Amino acid sequence: MQPNGPIRVLIVDDHPVFRAGLTGLVNLEADMLVCGEANDAIQAMQALEKLRPDLVLLDMSLPGKGGLELLKDIRAFCSQTPVLIISMHDETLYAERIIRAGGRGYIMKQEGPEKIVQAVRKVLEGGISVSERIA
């Protein structure tokens, strides 16, 4: 995290309306700021290199290279940047694979805003965020 500034979040999702909603949600937090957005793996890696965010919110389903493959690329490029996966796919199918690949959490898109913020904060504190059912 930035020593004297807001927590910088990069949002990677191919749906503009959902990105806008996440941006609004993150920016409502007094200590957080969306520093950039990307809609595919290429844009995500470019933004990661340029912006050096404190956290990446990453959609599982992206055009071209999917979220799991992109997660592995992010881990190789900047292993200290935590990644929280946000997805419409059932976490029972993917959460364990995401954690094994270096992700710090998995949250379903249908969760309420407060749960998404809680997941972000848990990951930023060094924890792993998954539902109680998966934990």
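The preceding data block contains the structure.
Reading the values: rules and limits
Residues numbered from 1 in each chain as written. Predicted model: local features only at pLDDT ≥ 70, side-chain atom pairs only at ≥ 80, totals over all residues. Heavy atoms only, no water. Helix = DSSP H or I, 4+ residues; strand = E, 2+ residues; numbered from the N terminus. Rg over C-alpha atoms; globule rule 2.2 N^0.38 Å. Buried < 20%, exposed > 50% of the residue type's maximum accessible area, 1.4 Å probe, protein only. Contact = heavy atoms within 4.5 Å. Areas by Shrake-Rupley, 256 points an atom, 1.4 Å probe, with all protein chains shown as cover. Core = buried A, V, L, I, M, F, W, Y, C linked by side-chain atoms within 4.5 Å. Polar contact = N/O pair within 3.5 Å; in protein donor to acceptor, adjacent residues only side chain to side chain. Salt bridge = Lys/Arg side-chain N within 4 Å of Asp/Glu carboxyl O.

### Re the overall build of the protein chain
For the protein chain, the count of helices and strands is five helices and five strands. Compactness check: the protein chain gives a C-alpha radius of gyration of 13 Å against a globular reference of 14 Å for 135 residues, within 12% of the reference. A total of 135 residues make up the protein chain; the buried ones form 47% of that total. For the protein chain, the share of sequence-separated contacts (at least 6 apart) that also reach a separation of at least 24 residues comes to 65%. For the protein chain, the computed accessible surface area is about 7000 Å², with 52% contributed by carbon and sulfur atoms.

### Observations regarding the nonpolar core
Among the nonpolar cores identified, the biggest contains 23 residues, and Val12, Val56, Leu58, Leu70 and Ile74 are the most heavily contacted of them. Beyond its immediate stretch of four places on either side in the chain, Ile74 contacts Met45, Leu48, Val56, Leu58, Ser79 and Val83. With 19 residues, the next largest nonpolar core counts Ile11, Ile116, Ala119 and Leu124 among its residues.

### Looking at the environment of Cys78
Looking at where Cys78 falls in the secondary structure, it is placed in the loop between helix 3 (67-77) and strand 4 (83-87). For Cys78, a relative accessible area of 11% puts it in the buried group. Spatially, the C-alpha atoms of Cys78 and Val56 are 11 Å apart, while their sequence positions differ by 22 residues.

### Quick look at the side chain of Lys109
Within the secondary structure layout, Lys109 lies in the loop between strand 5 (105-108) and helix 5 (113-124). Within the structure, the side chain of Lys109 is placed 3.5 Å from the side chain of Asp59, a separation counted as a polar contact. In this structure, Lys109 is in contact with Asp13, His15, Phe18, Asp59, Ile86, Ser87 and Met88, ignoring residues within four places of it in sequence.

### Description of the pattern of salt bridges
Summed over the entire model, instances satisfying the criterion amount to eight salt bridges. Arg121 serves as the salt-bridge partner of Asp31, at 2.6 Å between the closest nitrogen and oxygen. Placement of Asp31 in the loop between helix 1 (16-27) and strand 2 (32-38) and of Arg121 in helix 5 is noted, with a sequence separation of 90 residues between them. For Asp31, a relative accessible area of 31% gives the class partly exposed.

The values are spatial; any link to function lies outside them.
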